[in-house]
Amino acid sequence: MSEESRVQTIDFSAAGIRRGFIEGTPIALGVGGYGIVFGVLASQAGLTTTEAVLMSATVLAGAAQLIAIELWAPSMPVFAIVVTVFVVNLRYLLMGAALRPWFRQLSPLQRYGSAFFVADENWALTMGKLTSGSRRGAYLLGSGFAIWLFWILATVVGAIAGGRIGVPAQYGLDFVLAGVFIAIAYGLWDGRSSVAPWSSALVTALVTAQVVPGRWYILLGGVAGGFVEAFRFGD
Amino acid sequence: MVIDFGLDPVVVGIILAMSLATYATKAGGLWLLGHIDVSPRLESALKILPGAIIVSIVGPELANGGPAEWSAAAVVLIAMRWTENVLVALLAGVATVLLLRALL
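In this text, all values refer to a predicted model and were calculated from it rather than measured experimentally. (Residues numbered from 1 in each chain as written. Chains lettered and ligands numbered in written order. Predicted model: local features only at pLDDT ≥ 70, side-chain atom pairs only at ≥ 80, totals over all residues.)

Caption draft 1: Just the interface of chain A and chain B, in detail. Counting residues at the interface gives 77 residues for chain A and 68 residues for chain B. With eleven residues, the single largest contributor to the side of chain A that touches chain B is helix α10 (residues 176–188) of chain A. Classifying every residue of the side of chain A that touches chain B by side-chain character gives 54 nonpolar, 15 polar and eight charged. (Contact = placed C-beta atoms within 7 Å. Helix = DSSP H or I, 4+ residues; strand = E, 2+ residues; numbered from the N terminus. Nonpolar A, V, L, I, M, F, W, Y, C, P; charged D, E, K, R; others polar.)

What follows is the structure, given as structure tokens:
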């Protein structure tokens, strides 16, 4: 508690929203690249433009949405999709917890309204501001709104473009989903500390893909990586 | 313009379930974690999950592929290293896949 009492007081103002929006726009443009890819892949997977946009507008989590598209199938493995989305998003718990010392000063509406707009990029931006003494409590909302806006626009562009493209394999589009995951993995790679959890995830996924029906190997591999990381921690 | 405005109730249901699951994690950290302590060990495990899940998607997919897909995967990594731009990296990867599938 003594830690939290030393935190600066923050406000929640229109100026804070505006500043967050302006400074969040460059990163929102970068996120838009993934949004276009998501839109194309969502339409290839059979989602209509409206459905793809609805997903981007209400879920607002890039990796989770792409993973849902990866799992999307005519049989609709609803449970697998929702559980995997939840697990891949568990890191948001930590990000929310990191905001708590400041955000506990805000009203519940401001706090939990802002929470919807948390994405990896604007969270990092906001944490940088808050830890260096900024009083703008609405910065997260402003920067998150910029990301939300560009994410939706990019999804529209991608979904319309994707609807005009025919047989996926003919254009190498079947590789795009694997490619975008490889690109994301590149960004998540954290050097030597990633080796043990990632290779246990990989081996678990490869083995269970052979023996467990459906796509559960994805979740099993991920959870195995988490356990190995917890076990390895501190070594 | 080909814009499909359709909405399938099942799809809408899945999307809403996904959004609830996601919002629970985003708001949950602000709410729940004020009341319980997260050990650094658990924190480290939660942080590794996205990478571990993505590796679990890509690994079996590449194992089912061939030299064209493997080379394209390498090209995506190299392009990311050079440009840090996902669209450029994907275009390079797709071009590699198409070229090698035509040649091999």
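We are not done yet, so read on.
Caption draft 2: Looking closely at α10 of chain A. An ideal rise of 1.5 Å per residue puts 18 Å on 13 residues; α10 of chain A measures up with 18 Å between its terminal C-alpha atoms. Most of α10 of chain A sits inside the fold, with ten of its 13 residues counted as buried. Along α10 of chain A, the residues that are buried comprise Val 176, Leu 177, Ala 178, Gly 179, Val 180, Phe 181, Ile 182, Ala 183, Ile 184 and Ala 185 of chain A. In this structure, the buried side of α10 of chain A is in contact with α2 (14–44) and α4 (62–71) of chain A together with α2 (40–63), α3 (67–83) and α4 (86–103) of chain B. (Expected span 1.5 Å × (residues − 1). Buried ≥ 20, exposed ≤ 12 C-beta atoms within 10 Å, placed from the backbone.)

Caption draft 3: Region of interest: the nonpolar core. Of all hydrophobic cores here, the largest spans 111 residues; its most connected members are Val 37, Ile 67, Val 180 and Phe 181 of chain A together with Val 76 of chain B. The biggest single contributor to this core is helix α9 (residues 139–164) of chain A, with twelve residues. Residues within four places of Val 180 of chain A in sequence aside, it is in contact with Val 37 and Leu 66 of chain A together with Val 86 and Leu 90 of chain B. (Core = buried A, V, L, I, M, F, W, Y, C linked by C-beta atoms within 7 Å.)

Caption draft 4: Broad picture of the domain arrangement of chain A. Residues and elements named next belong to chain A. Considered domain by domain, chain A is made up of domain 1 (7–188) and domain 2 (192–235). Placing the centre of domain 1 and that of domain 2 at their C-alpha centroids yields a distance of 25 Å. On the side of domain 2, six residues touch domain 1, which itself brings six residues to the contact. When residues in the side of domain 1 that touches domain 2 are grouped by element, the largest group, four residues, is from helix α5 (residues 78–88). (Domains from an automatic or database assignment.)

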